[in-house]
Amino acid sequence: MTIAPEAPVQLAVPEFLELEITGRCQLTCPSLCYAKAGPTEGHGSMTADDWKRLISEAAAIGVKKVQLIGGEPTLHPDFKALVTRALAVGLDVQVYSNLYRVRQQHWWLFERPRVSLATSYYSDVAEEHERVTGRKGSHAATRANIVQAVNRGIPLQVGIVEVFDGQRVTEARTELLALGVRTVNTDRVRSVGR
């Protein structure tokens, strides 16, 4: 009897990898945040070197794109270094930011080739948006930074999550498209997180 060896298993490599680099966020999103992020949360136990090593290993196995998320990823003390490492090893980078506060140095980083932005927007009405984020003034700030990203030509995708009945999701989508956002996705809240 002859036994033929089995063909080696070819493992599938994900092309996209989300890296939750911090739990710190300026917003509280009391009914939405799956990560339980907030102003008093930390950056986790991984060091900058740990994240850089992970990013390099991801590129080495064939990952094409990383998404830096949190909390608010721009609040991580090594945010710029992590984006720079990902670009240096050939990865595309998407930063999922709340766009509440954007530093000038971050705009320059977002304008680099192979970097894109993603954000969430909840309503065209400030009170509804802020009901979700738990932060007064977040609607005006996020909207202004969406406009800034569009004007700077930074690739941007915006997600609208329906959190409560009667939320102005359709109107928010219409507003975003009128502002020049090309990719707007809608969804409803899921039963995870807080």
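Refer to the preceding data block for the structure.
Residues numbered from 1 in each chain as written. Predicted model: local features only at pLDDT ≥ 70, side-chain atom pairs only at ≥ 80, totals over all residues. Heavy atoms only, no water.

(A) Representation of the environment of Ala 172 within the structure. Within the secondary structure, Ala 172 is located in helix H6 (residues 169-179). Accessibility expressed as a relative area gives 0% for Ala 172, which makes it buried. Sequence separation of Ala 172 and Thr 186 is 14 residues, and the distance between their C-alpha atoms is 10.0 Å. Those residues within four positions of Ala 172 in sequence are excluded, and the remaining contacts are Tyr 121, Ser 123, Asp 124 and Ile 160. (Helix = DSSP H or I, 4+ residues; strand = E, 2+ residues; numbered from the N terminus. Buried < 20%, exposed > 50% of the residue type's maximum accessible area, 1.4 Å probe, protein only. Contact = heavy atoms within 4.5 Å.)

(B) Expanded view of the packing of aromatic side chains. Evaluated as defined, the whole model comprises two aromatic pairs. Taking the centre distance of 6.5 Å and the plane angle of 75 degrees together, the rings of Phe 79 and Phe 110 count as edge-to-face. One end of the pair, Phe 79, is in helix H2 (residues 79-88); the other, Phe 110, is in helix H3 (residues 104-110), and 31 residues separate them in sequence. Owing to a relative accessible area of 1%, Phe 79 belongs among the buried residues under this scheme. (Phe/Tyr/Trp six-rings, centres within 6.5 Å; stacked < 30°, edge-to-face > 60°.)

(C) Examining unusual backbone geometry more closely. Phi is positive for Leu 99, close to 55 degrees, though the residue is something other than glycine. You can see Leu 99 is positioned in the loop between strand E3 (92-96) and H3. Of the residues examined, Leu 99 reaches a relative accessible area of 0% and is grouped as buried. In the Ramachandran plot, Arg 114 falls in the positive-phi region, its phi being about 75 degrees despite a non-glycine side chain. Looking at the secondary structure, you find Arg 114 in the loop between H3 and strand E4 (115-120).

(D) Molecular detail of the pattern of salt bridges. All told, the structure shown has five salt bridges when counted by the stated rule. One salt bridge connects Arg 152 with Glu 111, and the closest N-O pair in it is separated by 3.0 Å. Within this pair, whereas Arg 152 is found in helix H5 (residues 138-152), its partner Glu 111 is found in the loop between H3 and E4, the two being separated by 41 residues in sequence. For Glu 111, a relative accessible area of 37% translates into the label partly exposed. The residue Asp 124 makes a salt bridge to Arg 168 at a minimum N-O spacing of 2.7 Å. Taken together, the residues span a long stretch of sequence, with Asp 124 in the loop between E4 and helix H4 (126-133) and Arg 168 in the loop between strand E5 (156-162) and H6 at a distance of 44 residues. (Salt bridge = Lys/Arg side-chain N within 4 Å of Asp/Glu carboxyl O.)

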